[in-house]
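Chain residues, written in single-letter form:
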Amino acid sequence: MIKVFTDAATNAQEKKSGGGILIVDDTQQTQLAIPLKEEDNHTAELAALLYAMRYLLDQHLADQNVLLYSDSKTAIKILDQGRTKNNRFLPYLMEFNELAPQFTLLVLQWIPESKNKGADHLARQGLQKSLKL
């Protein structure tokens, strides 16, 4: 089983974001701090989740059970329910719907910020990278 923790950090004034992804399995831990093109936090949270899914697919890990955690209630709700009224979120939902069936088992779970410190720290690093671009 693989546990994936994701988070995003956004600087609203600069309209820049970063994503943090912490992947934990039985043998190792992978930390990713990535700059994101998204200008608001909700879309950045969705982008971080999708980046994590693409990363797992690229690493040929989709055949394992994946627990995907985020502290964004909005992102988890959109992806879990499979619908959104906000057109900004629609491309992210569409990509999720393309990626999700490639996983043997993918479970999305909201967690409080206090349980997502590792991904939060990485998201802040990703934001710093984004601000330097």
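In this text the structure is predicted, and so the values were computed from the model without any measurement. Just so you know, the residues in each chain are numbered from 1, in the order the chain's sequence is written. Only residues with pLDDT of 70 or above have their local features reported here, since the model is predicted, and side-chain atom pairs are shown and tallied only from 80 upward, although totals for entire chains, interfaces and linings are computed over all residues. Remark: hydrogens and water are excluded; side-chain values derive from all non-hydrogen atoms of the structure.

## Description of helix α4 (residues 117-132)
In step 1: Secondary structure elements are defined from DSSP: runs of H or I of at least 4 residues count as helices, runs of E of at least 2 residues count as strands, and each element is numbered from the N terminus. What a helix should span is 1.5 Å times the count of its residues minus one. Here α4 is 16 residues long and its end C-alpha atoms lie 23 Å apart, about the 22 Å a rise of 1.5 Å per residue gives.
In step 2: On its buried face, α4 is in contact with β1 (2-11), β2 (16-24) and β3 (29-36). A contact between two residues is defined here by any heavy atoms of the two lying within 4.5 Å.

## What to know about the nonpolar core
In step 1: If you look at the biggest cluster of nonpolar residues, it comprises 35 residues, and the most contacted ones within it are Val-4 and Met-53.
In step 2: Elements with a minimum of two residues in this core: β1, β2, β3, α1 (41-58), β4 (65-70), α2 (73-81), α3 (90-99) and β5 (105-110).
In step 3: In this view, Met-53 contacts Leu-68, Phe-96, Leu-99, Ala-100, Phe-103 and Leu-106; residues no more than four positions away in its chain are not counted.
In step 4: Counting residues in hydrophobic clusters, the runner-up holds 8 residues, among them Phe-5, Leu-22, Leu-67 and Ala-119. In this text, buried Ala, Val, Leu, Ile, Met, Phe, Trp, Tyr and Cys residues form a nonpolar core when linked through side-chain atoms within 4.5 Å. Exposed residues in this analysis have more than 50% of their type's maximum accessible area, buried residues have under 20%, and partly exposed residues fall in between, with area computed by a 1.4 Å probe over protein chains only.

## Details of the side chain of Thr-6
In step 1: Checked against the element boundaries, Thr-6 lands in strand β1.
In step 2: If we skip the residues at most four places from it in the chain, Thr-6 touches Gly-20, Ile-21, Ala-48, Leu-49, Ala-52, Leu-68, Tyr-69, Ser-70, Asp-71, Asn-116 and Ala-119.

## Overview of the packing of aromatic side chains
In step 1: Only Phe, Tyr and Trp rings are paired, with Trp represented by its six-membered ring, and only when their centres lie within 6.5 Å; those with planes under 30 degrees apart are stacked, over 60 edge-to-face, the remainder tilted. Scanning the model with the defined rule gives 1 aromatic pair in all.
In step 2: Seen from their ring centres, Phe-5 and Tyr-69 are 4.8 Å apart, and the 15 degrees between their planes marks the pair as stacked. Highlighted residues: Phe-5 in strand β1 and Tyr-69 in strand β4, separated in sequence by 64 residues.

## Points about the UniProt feature "domain: RNase H type-1" (unreviewed entry) in the protein
In step 1: UniProt records the feature "domain: RNase H type-1" (unreviewed entry) at residues 1-128, using the numbering of this structure.
In step 2: Summarising residues 1-128: 38% helix, 30% strand, and an end-to-end C-alpha distance of 31 Å. UniProt positions are given in the numbering used here, feature names are shortened, and annotations may be inferred rather than shown by experiment.

## Regarding the side chain of Thr-30
In step 1: With respect to the element layout, Thr-30 can be found in strand β3.
In step 2: Residue contacts for Thr-30: discarding those within four places in its chain leaves Ile-21, Leu-22, Ile-23 and Tyr-55.

## Some remarks on the packing of α1 against α3
Each pair of packed helices gets described by two things: the angle between the helix axes and the distance between those axes.
In step 1: Geometry is summarised by axes, namely lines fitted to C-alpha atoms with helices restricted to the contacting stretch, and by angles between N-to-C directions that run from 0 to 180 degrees. Interaxial distance between α1 and α3 falls to 10 Å at its minimum, and their mutual angle equals 20 degrees. Between α1 and α3, the crossing angle belongs to the class labelled roughly parallel. Where α1 crosses over α3, the two elements pack in a sense that is left-handed. Residues Thr-43, Leu-46, Ala-47, Leu-50, Met-53, Arg-54 and Leu-57 of α1 form the contact with α3, whose own contacting residues are Tyr-92, Glu-95, Phe-96 and Leu-99.
In step 2: A class-by-class count of the residues in the contact of α1 with α3 yields 8 nonpolar, 1 polar and 2 charged. Roughly parallel means an angle under 35 degrees; roughly antiparallel, over 145; roughly perpendicular, 65 to 115; everything else is oblique. For a crossing to be left-handed, the near helix must be turned anticlockwise from the far one by less than a right angle; the clockwise case is right-handed. The nonpolar class holds Ala, Val, Leu, Ile, Met, Phe, Trp, Tyr, Cys and Pro. Asp, Glu, Lys and Arg form the charged class, and all remaining residues, Gly among them, are polar.

## Remarks on the sheet that holds β3
In step 1: At least two DSSP bridges between two strands are required for those strands to pair. Judged by pairing direction, the sheet is mixed, and its 5 strands sit side by side in the order β3-β2-β1-β4-β5 without closing on themselves. Strand pairing shows two members of the sheet lacking a second neighbour, β3 and β5, which therefore form its edges. Pairs of neighbouring strands in the sheet enclose a mean axial angle of 20 degrees, with direction left out of account.
In step 2: As paired strands, β1 and β4 are joined by 5 bridges and run parallel to one another. Residue Phe-5 lies in a different strand from β4, and its bridge partner there is Tyr-69.
In step 3: Each of β4 and β5 is contacted by α2, which is oriented at about 145 degrees to β5, the strand it contacts most.

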